[in-house]
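Given next are the chains, with one letter for each unit.
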Amino acid sequence: MDMTNKQFQGFIRLSLALIDEAVSKSPYNEDLLKLKGIFQNMLEDGN
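Summary of the structure given here. (Residues numbered from 1 in each chain as written. Predicted model: local features only at pLDDT ≥ 70, side-chain atom pairs only at ≥ 80, totals over all residues. Heavy atoms only, no water.)

### Comments concerning the overall build of the protein chain
Inference 1: A count of helices and strands for the protein chain gives two helices and zero strands.
Inference 2: Residue burial in the protein chain is summarised as follows: out of 47 residues, 19% are buried.
Inference 3: With an accessible surface of roughly 3800 Å², the protein chain has 57% of that area assigned to carbon and sulfur atoms.
Inference 4: For the protein chain, the distance from the average site of its 5 positive side-chain charges to the average site of its 7 negative ones is 6 Å. (Helix = DSSP H or I, 4+ residues; strand = E, 2+ residues; numbered from the N terminus. Buried < 20%, exposed > 50% of the residue type's maximum accessible area, 1.4 Å probe, protein only. Areas by Shrake-Rupley, 256 points an atom, 1.4 Å probe, with all protein chains shown as cover. Lys, Arg positive; Asp, Glu negative; His and termini not counted. Charge placed at Lys NZ, Arg CZ, Asp CG, Glu CD.)

What follows is the structure, given as structure tokens:
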């Protein structure tokens, strides 16, 4: 079963919220920052 665009964006937003929380606890973690950037680009590309 495929995800709708709205469902996909919801998944990305939820993931970004969790990534933001992790970044706030570890602001210098380069891997988290890269992951955050990737997810933000995915959300922007979906619009």
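What follows continues from the structure just given.
### Quick word on helix α1 (residues 5-25)
Inference 1: Spanning 21 residues, α1 covers 30 Å between terminal C-alpha atoms, matching the ideal 30 Å at 1.5 Å per step.
Inference 2: Where α1 is buried, its residues meet α2 (30-45). (Expected span 1.5 Å × (residues − 1). Contact = heavy atoms within 4.5 Å.)

### Notes on α2
Inference 1: For α2, spanning 16 residues, the distance from its first C-alpha to its last is 22 Å, which sits close to the expected 22 Å at 1.5 Å a residue.
Inference 2: Buried residues of α2: Leu32, Phe39 and Leu43, and no others. All buried residues of α2 project into a common sector of 45 degrees when viewed along the axis, lining one side. In α2, the exposed positions that point more than 90 degrees away from the buried face belong to Glu30, Asp31, Lys34, Glu44 and Asp45.
Inference 3: For α2, the elements touching its buried residues are α1. (Arc of directions from axis to C-beta.)

### Quick notes on the environment of Leu18
Inference 1: Inspection of the secondary structure assignment puts Leu18 in helix α1.
Inference 2: Classification of Leu18 by relative accessible area gives exposed; the value is 53%.
Inference 3: Separated by eleven residues in sequence, Leu18 and Gln7 place their C-alpha atoms 17 Å apart.

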